[in-house]
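Inside the fold
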Amino acid sequence: MTTSHPLAIGLIGTGRMGSFHAETLARRLPGVRLGALADPAPGAPQRLGDRLGCPTTHTDAADLLADPQLDAVVIATPARTHADLVEAAAQAGKAVYCEKPMAIDLADADRAITAAEKAGVPLQVGFNRRYDTAFRAAHDKIAAGCIGTPQLLRSLTRDPGLADPSRIPPWTIFLETLIHDFDALRHLNPGAEPVEVFAMADALVRPDFKDQGLLDTAVVTIRFDNGALATAEANFQAVYGYDVRGEVFGSGGMLTMGDIRRTHLTAYGPDGITAEATTYDQDLFQDAYIAELADFADTVRTGRTPYATGQDARAALTIALAAIRSVTTGAPVRIDEVR
């Protein structure tokens, strides 16, 4: 699509992440306007629309997708609704940005990808770490051979608090949390693909919810086809803040990414050394969240391939499904066995 008028982008899902994306579309991106909002919760889209100056709101996503004035759509609904909405948006001729995970099984992932391909519209998935300054610089250095051949990789996500475990669907730690780490590890090992996965997980934060399917702590090891070994780990309650880091060790050096400190200020006093920590994802990754939507807008304008594609989402999902099977069986799982 080549257009000189402001891109009109609709947003489906006005919850925590959707509200942030809506504000980005309305206020932070030149040449973009927030064209419409949709959410089935009574009053939710109208309240957000009033705050952001967007008068067009719907309680049915289908009404938003039928709007011929919209060039594209951002999907920020619960994970299990994503694939259907991607398919519907593509069939409506809209360019699609979908929050992760794009789907929770491979059949749905393939259905979403096929719909976008048939419609000839871009499909971008919200792997925000690709847009973080440090993670992107690390990828570029690795791709340029600055640390030789990657041999050991590590990615971790430790959320700041587990508020209500009863609301967490089974396998969330793999499908919605570690999915970021799985994509990051692929991205930081350019040209390589995973071949085998072994995972362990338990309910260590809230063991009283384990019999309801909660897993709040996990470690996953991944073997890549270039010989590199990787680990991904997650925990739902880091008492000190929101902790996201990465590390790549190669034959010629090492790169590290991520810093929990809110600023570079370190205080030295009678109680020791202290620093303020980041406790919220929208603080730690604010610039990355904005950059990924800016990139989506550019993708819509130019028609180029998104930086994080539906195929990338499928690849990360395959690792997640292999990890789930590994936890279930207690054995390593080959990627080519995942269907």
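Some details on the sheet that holds strand β15 (residues 333–334)
- Spatial ordering of the open sheet is given by β12-β11-β7-β10-β9-β8-β15, a layout of seven strands whose pairing is mixed. Since the sheet does not close on itself, it has two edges, and those belong to β12 (253–257) and β15, each with one partner.
- Alignment of strand β9 (residues 217–224) against strand β10 (residues 229–235), held across seven bridges, turns out to be antiparallel. Bridge pairing links Ile 222 to Ala 230 in β10.

Quick word on the pairing of strand β7 (residues 150–158)
- Where β7 and strand β11 (residues 243–250) come together, eight bridges link them in antiparallel fashion. The residue of β11 that forms the bridge with Leu 153 is Val 248.
- The sheet contact formed by β7 and β10 spans seven bridges and is parallel. Looking at the pairing, Thr 157 lines up with Ala 234 of β10.

Digging into the nonpolar core
- Core analysis: the largest hydrophobic core is formed by 105 residues, its most contacted members being Leu 25, Met 102, Phe 174, Leu 178, Phe 182, Val 220 and Ile 222.
- It is helix α10 (residues 310–329) that provides the largest number of residues to this core, a total of nine residues.
- Apart from the residues lying within four places of it in its own chain, the contact partners of Leu 178 are Ile 173, Ala 218, Val 220, Ala 232, Glu 233 and Ala 234.

Re the pattern of salt bridges
- Counted according to the given criterion, the structure contains 27 salt bridges.
- The salt bridge partner of Arg 129 is Asp 181, with a shortest N-O separation of 3.1 Å. Taken together, the residues span a long stretch of sequence, with Arg 129 in the loop between β6 (123–126) and α6 (133–143) and Asp 181 in helix α7 (residues 172–187) at a distance of 52 residues. Each member of the pair, Arg 129 together with Asp 181, is buried.
- Notably, a salt bridge pairs Glu 193 with Arg 186, separated by 2.8 Å at the nearest N-O pair.

Things to note about the pairing of β12
- Bridge analysis of β11 against β12 gives five bridges, and the strand direction is antiparallel. Bridge pairing in β12 places Glu 247 opposite Thr 256.

Points about the packing of helix α1 (residues 16–28) against helix α2 (residues 44–52)
- One can describe the packing of α1 onto α2 by two numbers: an axis separation of 10 Å at closest approach and a directional angle of 35°. You can see that α1 and α2 cross each other, and the crossing is right-handed. Seen from α1, the contacting residues are Ser 19, Ala 22, Glu 23, Ala 26 and Arg 27; seen from α2, they are Leu 48, Arg 51 and Leu 52.
- For the contact of α1 with α2, a count of residues per class yields four nonpolar, one polar and three charged.

Looking at empty space enclosed by the protein
- Evaluation of the coordinates by the stated rule reveals one cavity of 30 Å³ or more.
- If you trace the largest cavity, you find it lined by Pro 101, Met 102, Ala 103, Ala 109, Phe 127, Ile 179, Ala 313, Arg 314 and Leu 317.
- It is α10 that provides the largest number of residues to the lining of the largest cavity, a total of three residues.
- Tallied by class, residues from the lining of the largest cavity come to eight nonpolar, no polar and one charged.

Calculation notes
- Residues numbered from 1 in each chain as written.
- Predicted model: local features only at pLDDT ≥ 70, side-chain atom pairs only at ≥ 80, totals over all residues.
- Heavy atoms only, no water.
- Pairing = 2+ DSSP bridges.
- Helix = DSSP H or I, 4+ residues; strand = E, 2+ residues; numbered from the N terminus.
- Core = buried A, V, L, I, M, F, W, Y, C linked by side-chain atoms within 4.5 Å.
- Buried < 20%, exposed > 50% of the residue type's maximum accessible area, 1.4 Å probe, protein only.
- Contact = heavy atoms within 4.5 Å.
- Salt bridge = Lys/Arg side-chain N within 4 Å of Asp/Glu carboxyl O.
- Axes fitted to C-alpha atoms, helices over the stretch in contact; angles between N-to-C directions.
- Left-handed = near helix turned anticlockwise from the far one by under 90°.
- Nonpolar A, V, L, I, M, F, W, Y, C, P; charged D, E, K, R; others polar.
- 1 Å grid on protein atoms, 1.4 Å probe; cavity = no way out; pocket = protein on both sides within 12 Å on 5 of 7 lines; lining within 4 Å.
- Points joined across faces, edges and corners; volume = space filled by probe spheres on them.

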